[in-house]
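One-letter residues, chain by chain:
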Number of protein chains: 2
Amino acid sequence: MSEKLRGVIAAIATALDEEGEPDCARSVALARFLLGDGCDGLNVLGTTGEATSFSCEQRKCLMTAYRDAGSPLDCLMVGTGAASVADAVALTRHAAELGFAGALLLPPFYYKGVPEEGLFRFFSEVVQRVGDARLRVYLYHIPPVSAVPITHKLVERLMKAYPKQIAGMKDSADDWAHTKSMIDAFAKDGFDVFSGNEKPLIDNIKSGGAGCISATANINPGKIAETYKKYATPEGEKLQGWINDVRGVMQGYVMIPALKYCVAHYGSDAAWTPVRPPLVETDEKAGKDMIAKLDKLGFTMPGLKQAMAVAAE
Amino acid sequence: MSEKLRGVIAAIATALDEEGEPDCARSVALARFLLGDGCDGLNVLGTTGEATSFSCEQRKCLMTAYRDAGSPLDCLMVGTGAASVADAVALTRHAAELGFAGALLLPPFYYKGVPEEGLFRFFSEVVQRVGDARLRVYLYHIPPVSAVPITHKLVERLMKAYPKQIAGMKDSADDWAHTKSMIDAFAKDGFDVFSGNEKPLIDNIKSGGAGCISATANINPGKIAETYKKYATPEGEKLQGWINDVRGVMQGYVMIPALKYCVAHYGSDAAWTPVRPPLVETDEKAGKDMIAKLDKLGFTMPGLKQAMAVAAE
């Protein structure tokens, strides 16, 4: 865990086999496609990757599969959060040992309204028990899902206690003012703040943030990556408008199954459709409606079919 | 899993050793005390038992310890919920194999706003993959914590699909009107609805419910059990008022650490105080304040000190 993660990071979806286990071959094939199409990195087993719908063993197996497939782990962060300290430690240790560039850590997400001190102890115990100098932790602020926020005060305490380990944040509150306040408060000390989607990408970069970690980058990697590279130009501004339009279409559906539906559709591989409970697949009616809207924007996924054909063999 | 659970069930707290692992000896000693003091049953590893703060292995070990200590498993339900189907299956299977009377199953609690169909699939997959005719599932409705409700429609679908396995519900919404609506809709078909605390105990019994599963029963087992036995008498009504006063004091503090503080205090065993992150122990100031209020109500825990002395050896 030594390279700095930066730029456009896709929160990659996890393919499933017929038993509902992670389909490592298909997942790794999508990873190759996304990195080949311009993503600077991947966030494996995040919310979009349905991490919490798998057991620790399933998560560790998939992490190992990414390593075994020769994925560039110095560009990959992996979600290692769990409701229990013991699970978070086991997953985070595995990530550090394999050589992932970063561990994206949810707060413990069962109890609500917990004190800051309790969250501080949780993250402290993970950092201390993993005890690996290579560990780089990204704090995962996603109150619409976890319902447990990461406050400025908590970031401040953790950075003071573990200046090398606490590397940054994924801010998925979908509130640019909040993200900016985190950048303004902590970027100067090397704390890398990623927006939780690409909508404020140019603002993020111009304000001193580290980029975005995006679910939509599963289907729109090239143009989001291009927006990042051209952020200071009028062309970049124009691209930002178009990628936001694509994101806007996707937000009209349940995001995770909708993204998998798109990968299945544009990749001609129906095996990508399933999700684990409590999520439910996008139905055909909604799916066709969504594809029609994407078609209107001139949206395509060139090269995905070939990439998926390799994995399906 | 054959006996009908009924009456006053304590949602037993889990003691911790110095490493933060479940302290089986102390936990089992409290179980003996609670059953000896009048509880009809126990709910092991529920929210009060900090289940989700432990790994699957830690939970399975503690479940086995209750069995090995000779606990009357036909009076014990155990929390086997998890965010992932795989974990919920492993825990629920272990519960059925050991012979626990019931499994209290949370909905998957990471994703929010999920469709009923997704929750139906989650519970279905657990029932089907455990595949044990002895399995009795209690659905755990606790929206203030899980933020994922169990609706009437979901109960109806699950009862229709698995009439033998779906045994009842713990309703911890803290809303008597909601509990009554569940009793009115499903009790006639043998669905046992427990209130999530003792405040509406007499109303629950008179309306055809199965009793209560209560955190406060960790410290007030005898009087709550007596209220249940005398529910149809004026003495029962009077007792209901007093146990509600005790509950009222406890609700002024963070419930789980406050209960452990009381067990430590009245049991003269400071080892009971710790909680796992993200919870934090009750501090001395709040603790003394709480004990003073309980003293005013004439509250005591006779016999606890002797029960704890055995475990501390």
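Just above, that's the structure.
Overview of the structure. Values in this document were obtained by computation on a predicted structure and should not be read as measured data.

### Here we look at the side chain of E198 of chain B
All names here are of chain B.
No. 1: Within the element layout of this structure, E198 appears in the loop between β7 (192-195) and α8 (201-206).
No. 2: The class for E198 is buried, based on a relative accessible area of 0%.
No. 3: The contacts of E198, once residues within four sequence positions are left out, are C212, S214, T216, I224, Q240, I243, N244 and R247.

### Some remarks on the relation of the copies chain B and chain A
No. 1: Rotating chain B by 180° about the axis while translating it 0.0 Å along that axis superimposes it on chain A, leaving an RMSD of 0.0 Å. Expressed as an axis order, the relation between the two copies is that of a two-fold axis.
No. 2: Comparing contact sets, 100% of the residues at the interface of chain B also lie at the interface in chain A, consistent with an isologous, same-surface contact.

### Some details on the interface of chain B and chain A
No. 1: On the side of chain A, 40 residues touch chain B, which itself brings 40 residues to the contact.
No. 2: With both sides pooled, the region where chain B packs onto chain A buries about 3,200 Å², and carbon together with sulfur makes up 60% of that total.
No. 3: Among the residues of chain B in contact with chain A, Y110, Y111 and P278 of chain B are the three that bury the most area, contributing 26% of the side total.
No. 4: Here chain B is connected to chain A by four salt bridges.
No. 5: Between R121 of chain A and E281 of chain B there is a salt bridge, with the nearest N and O atoms lying 2.8 Å from each other.
No. 6: Across the chain B-chain A interface, the total number found is 12 residue pairs in polar contact (both at pLDDT 80 or more).

### Things to note about unusual backbone geometry
No. 1: Put simply, P277 of chain A and P278 of chain A share a cis peptide bond, and its omega is 15°.
No. 2: Within the secondary structure, P278 of chain A is located in the loop between α11 (255-266) and α12 (284-296).
No. 3: Unusually for a residue other than glycine, L45 of chain B sits at a positive phi of about 55°.
No. 4: Its place among the elements puts L45 of chain B in the loop between β2 (41-44) and α2 (56-68).
No. 5: Classification of L45 of chain B as buried rests on a relative accessible area of 2%.

Definitions and limits used
- Position numbers for residues count from 1 along each chain, tracking the sequence in the order it is written.
- The naming scheme follows written order: chains are lettered A onward, ligands numbered 1 onward.
- Totals for whole chains, interfaces and linings use all residues, but because this is a predicted model, local features are given only for residues with pLDDT of at least 70 and pairs of side-chain atoms are given and counted only at 80 or more.
- The side-chain values count all of the structure's non-hydrogen atoms but skip hydrogen atoms and water molecules.
- By definition, any uninterrupted DSSP run of H or I lasting at least four residues is a helix, any uninterrupted run of E lasting at least two residues is a strand, and each is numbered from the N terminus.
- Throughout this description, buried means an accessible area under 20% of the type-specific maximum (1.4 Å probe, protein chains only), exposed means over 50%, and partly exposed covers the range between.
- Any two residues having at least one pair of non-hydrogen atoms within 4.5 Å are treated as being in contact.
- Alignment of copies: least-squares fit on C-alpha atoms of residues with pLDDT of at least 70 in both copies.
- Summed over both partners, the accessible area lost on bringing two parts together, with a 1.4 Å probe, is the buried area.
- The term salt bridge refers to a side-chain nitrogen of Lys or Arg lying within 4 Å of a carboxyl oxygen of Asp or Glu.
- Residues adjacent in sequence count toward polar contacts only when both atoms are side-chain atoms; beyond that, a polar contact is any pair of N or O atoms within 3.5 Å, and within protein one must be able to donate a hydrogen and the other to accept it.

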